[in-house]
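So you can see what is in the structure, the chains are spelled out below.
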Amino acid sequence: MRELGLEDHFAEGCEGAENTAARFELCQQLWDKLKTDTEALQDELNRKVLDSLLDLTRKCSTTRQHSDWASKMRASEIPTAALVLGVNVPDHDMTFQSLSELLQQSVTPHVASVQAKECGTLKHLMKRVLERLTGTAVDDEEEEEEGAEQTSTPLHKSSHCSLSTLCDWYNAKARKSSTGTPGKKRSSPTKDEHQQPPVVIIFKDLEAFNPRVLQNFILICSLYIERLPLMFIFGIATSPSTIQHMLPHSVSSLLCIELFQSLSCTQHLATVIDKLILTPQFPFKLNGKVMQVLISIFLYHDFSVRNFIKGVQLALLEHFHSQPLSVLCCKKKQALLNVTQLGHLDLERVRQLPSFKRYVERQEHQEQVSLLTDDGHLKEVCQRLIKDLRKYHKNYYPVLRCLHTLTSSLPRYPLGKQIRELHLICLEKNVSENEDYQSAMKLLKMLAKDELITLLQRCADILQSVKSKKMRTAHVQLEELLAKFKQLDSVETAPVVEENITSPVRNLQKKTDLFQLQKTLLEMNESRRSKKLSPFEVLRNDALEFIDGLVKSHLCPPESQTLNEACYYSSSATVRRHLNAAPRTSIQAALRTPYYYIQNDSLKTEDGSVSNAAPDICIAYKLHLECGRLINLFDWLEAYATVVSAAEGNDPDSDDYGKVDEVKHSRSSARFIQAVSELEFLGFIKSTKQKTDHVARLTWGGC
């Protein structure tokens, strides 16, 4: 946050200015923790594919040393790694940065990364590759000729824009590394000394490159493959078939392509939410609506995990900026200490919280009086409530994972396939009252013995790692149930019950009338109801009742917890407004009411009219709203000059007021033309061929 310059702006418009510094420090700590944990988790998720790329790069440096015919044939091709990263393009930069660092640390120092936006032509692509490999400026021939014409003295050429220059530079580097330090005696050459570190070129966004530029570059590189150990890495966002669409067979045959697939963005997001958000170690929480907004933006906008984390950071910043009691949103010991430092104004804010009002209503009359009048007693109660809120989080997430473990294996996923879907259901209301939950419990009663034992064992493993008294007790009870499952006998039904069930069936085989048939069917139904349950069915019901008890006890919505407002951020509209910005609406609002952006009292207007002290583009915009589909530029200029003349202090009763005379024509016309050009650039008007002195209006309606 400090590197973004937010420290100075944090106190502006901040509620509860008396503890602004403490809230900013807590926000900074959580911001840094979220950023660090996200980067570490992304490196861990990408570790497998990055290690595979490193292994391929190491093989490329040894393949050229083999003398068999197959290795020579492969050495005539350019080794290429096709890395499919998915459509979450904003996340690719971090992946390529980690890949470049790992390559330079363990395989080769010669790594160059290029993007399509800086390589529009072959000359620019070649120049960027040489600059990033050699670390020096590269002059192309056209720039050198222009420089030679301007100066009479000959120029010193740093390097030429060609692969032959790169080969000379690589050979010089190889000779320098093989010679070693002067004065040091060389040992006998080993196998590693004969290996040549490859020159790796990373194309970050392959789909955005000009196919002709890419084809020519590959053709040129293939001519130097015997002199230069090149290797390509293609960053692909869509599909591996992109290579076939962009490169003809004559070019793709020059590449030895190996495919690498990274983790999908949805799996990546599920892991980030599970490891970083759904954990009691991170005190800041999002309520259901805010969580739904962030997930919707991810699923329907860009699939970017990086932007999802930015949304969480935005909610974090807004929470600490707008909630004075966010000083309690920290670790347990620090929160208890901060409670003792609350002032009278902060305690009054505690009394105004909706959750605290509900808590007071449940207390006896004498306790209510103490909570509303005695600040010291209120601090003691707040400390106890903070402890209860921490215990709620410690118990909530393990039970949530247990329920997800049981229901995610059911057909059609009644409570969602991902744990975030179940979490959203639990945030809205009691999940035990949900119809899908009731359906899931019925389906669990139909599971086979081995499958049910496997799921319960996973739940026991989840509860075993939780440091909570209630969860330890629940783990012991679940282990006892699992032990009883293992002791069950194979015989589950008694012969007597079997006879009672089959006797009505035998009566059905006899010839009977409609009345007798109805009587027999009723007997069969009653026999099923009075059927004695098997030991497995009894134990299965006990296990599911135990799980149901955990759910009802610990998966209550956070709004039921007192002081939840200190940790939970609930303004989904603010998050949506910042992340799903509407540029046209914002621009129109700025042009209509510039006072709210410039904060100049002279720009205030009450009746919606334009102020003569407003910027030129605001005056032109307000005037163009009064016109129809076609706007006469001369009439527009006269109206503009009328408003500007009032701003310059001219007498409205004079004959020349509002007219564009010879003296002011140049200045007013220049300002007007600039304002019209800016409106055209923003897309409000455009030139038309119907009338040369008119422009067409493009937007209609207000903000």
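Here is what the cut-offs are and how they apply
Residues numbered from 1 in each chain as written. Predicted model: local features only at pLDDT ≥ 70, side-chain atom pairs only at ≥ 80, totals over all residues. Heavy atoms only, no water. Helix = DSSP H or I, 4+ residues; strand = E, 2+ residues; numbered from the N terminus. Buried < 20%, exposed > 50% of the residue type's maximum accessible area, 1.4 Å probe, protein only. Contact = heavy atoms within 4.5 Å. Areas by Shrake-Rupley, 256 points an atom, 1.4 Å probe, with all protein chains shown as cover. Salt bridge = Lys/Arg side-chain N within 4 Å of Asp/Glu carboxyl O. Pairing = 2+ DSSP bridges. Patch = residues over 30% accessible without salt bridge, like charges linked within 9 Å, V, L, I, M, F, W, Y side chains within 5 Å. Lys, Arg positive; Asp, Glu negative; His and termini not counted. Charge placed at Lys NZ, Arg CZ, Asp CG, Glu CD. Axes fitted to C-alpha atoms, helices over the stretch in contact; angles between N-to-C directions. Right-handed = clockwise from strand over helix to strand, strands pointing away.

## What to know about the overall build of the chain
Line of reasoning, step 1. For the chain, the count of helices and strands is 33 helices and 10 strands.
Line of reasoning, step 2. Residues classed as buried in the chain amount to 43% of the 703 residues present.
Line of reasoning, step 3. Of all intrachain contacts in the chain linking residues separated by at least 6 positions in sequence, the fraction that spans at least 24 positions is 73%.
Line of reasoning, step 4. Per element, the accessible surface of the chain, about 38800 Å² overall, is 51% carbon and sulfur.

## Considering the pattern of salt bridges
Line of reasoning, step 1. By the definition in use, this model includes 10 salt bridges.
Line of reasoning, step 2. Linking R349 and D346 is a salt bridge whose minimum nitrogen-to-oxygen distance equals 2.7 Å. Residue R349 and its partner D346 are both found in helix α17 (residues 344-351); the two are separated by 3 residues, about one turn of the helix.
Line of reasoning, step 3. Via salt bridges that share partners, E348, R351 and D375 belong to a single interconnected network.

## Here we look at the pairing of strand β10 (residues 694-697)
Line of reasoning, step 1. Pairing between strand β8 (residues 630-632) and β10: 3 bridges, direction antiparallel. Residue L630 lies in a different strand from β10, and its bridge partner there is A696.
Line of reasoning, step 2. Across 3 bridges, the pairing between strand β9 (residues 685-687) and β10 is antiparallel. Its bridge partner lying in β10, K686 is registered against A696.

## What about a positive patch on the surface?
Line of reasoning, step 1. A contiguous patch of positive charge on the surface is contributed by K332, K387, K391, K394, K467, K469, K470 and R472.
Line of reasoning, step 2. Contributions of two or more residues to the positive patch are made by α20 (375-407) and α24 (469-486).
Line of reasoning, step 3. With respect to the element layout, K391 can be found in helix α20.

## Some points on the sheet that holds β8
Line of reasoning, step 1. Taken together, 3 strands build an open sheet; the order of strands is β8-β10-β9 and the sheet is antiparallel. Of all strands in the sheet, those with a lone pairing partner are β8 and β9, marking the two edges. Pairs of neighbouring strands in the sheet enclose a mean axial angle of 40 degrees, with direction left out of account.

## Digging into the sheet that holds strand β4 (residues 230-236)
Whenever strands of a sheet pair, they do so through backbone hydrogen bonds, lying parallel or antiparallel.
Line of reasoning, step 1. With parallel pairing, the 5 strands of this open sheet are ordered in space as β2-β3-β4-β1-β5. On the outer flanks of this sheet lie β2 (111-114) and β5 (255-261), each paired with one strand and no other. When strand polarity is set aside, the average angle formed by the axes of neighbouring strands in this sheet is 20 degrees.
Line of reasoning, step 2. The pairing of strand β1 (residues 78-84) with β5 spans 7 bridges and is classified as parallel. Across the sheet, residue A82 finds its bridge partner in β5, namely L259.
Line of reasoning, step 3. The strands touched by helix α6 (residues 122-134) are β2 and β3 (199-203); relative to β2, the strand with the most contacts, the crossing angle is about 145 degrees.

## Describing a nonpolar patch on the surface
Line of reasoning, step 1. A surface patch of nonpolar side chains, amounting to about 380 Å² of accessible area, comprises Y596, Y597 and I598.
Line of reasoning, step 2. By the element assignment, I598 lies in helix α30 (residues 595-598).
Line of reasoning, step 3. Looking at I598, the relative accessible area reads 45%, which means it is partly exposed.

## Description of the environment of I78
Line of reasoning, step 1. Relative to the helices and strands, I78 is located in strand β1.
Line of reasoning, step 2. Judged by its relative accessible area of 0%, I78 falls in the buried class.
Line of reasoning, step 3. Residues I78 and S252, 174 residues apart in the sequence, show an inter-C-alpha distance of 9.8 Å.
Line of reasoning, step 4. Apart from the residues within four sequence positions on either side, I78 is in contact with I218, C221, S222, I225, L230, M231, F232, L254, L255 and C256.

## Quick look at the pairing of β4
Line of reasoning, step 1. For β4, the buried fraction is high: 7 of the 7 residues fall into the buried class.
Line of reasoning, step 2. Across the two faces of β4 the burial is the same, with L230, F232, F234 and I236 and M231, I233 and G235 all buried.
Line of reasoning, step 3. For β1 and β4, the ladder comprises 5 bridges, and the chain directions are parallel. Its bridge partner lying in β4, V84 is registered against I236.
Line of reasoning, step 4. The pairing of β3 with β4 spans 5 bridges and is classified as parallel. Counted as the bridge partner of V200 is M231 from β4.
Line of reasoning, step 5. With respect to chirality, the unit in which β3 leads through helix α10 (residues 211-223) into the neighbouring parallel β4 is right-handed.

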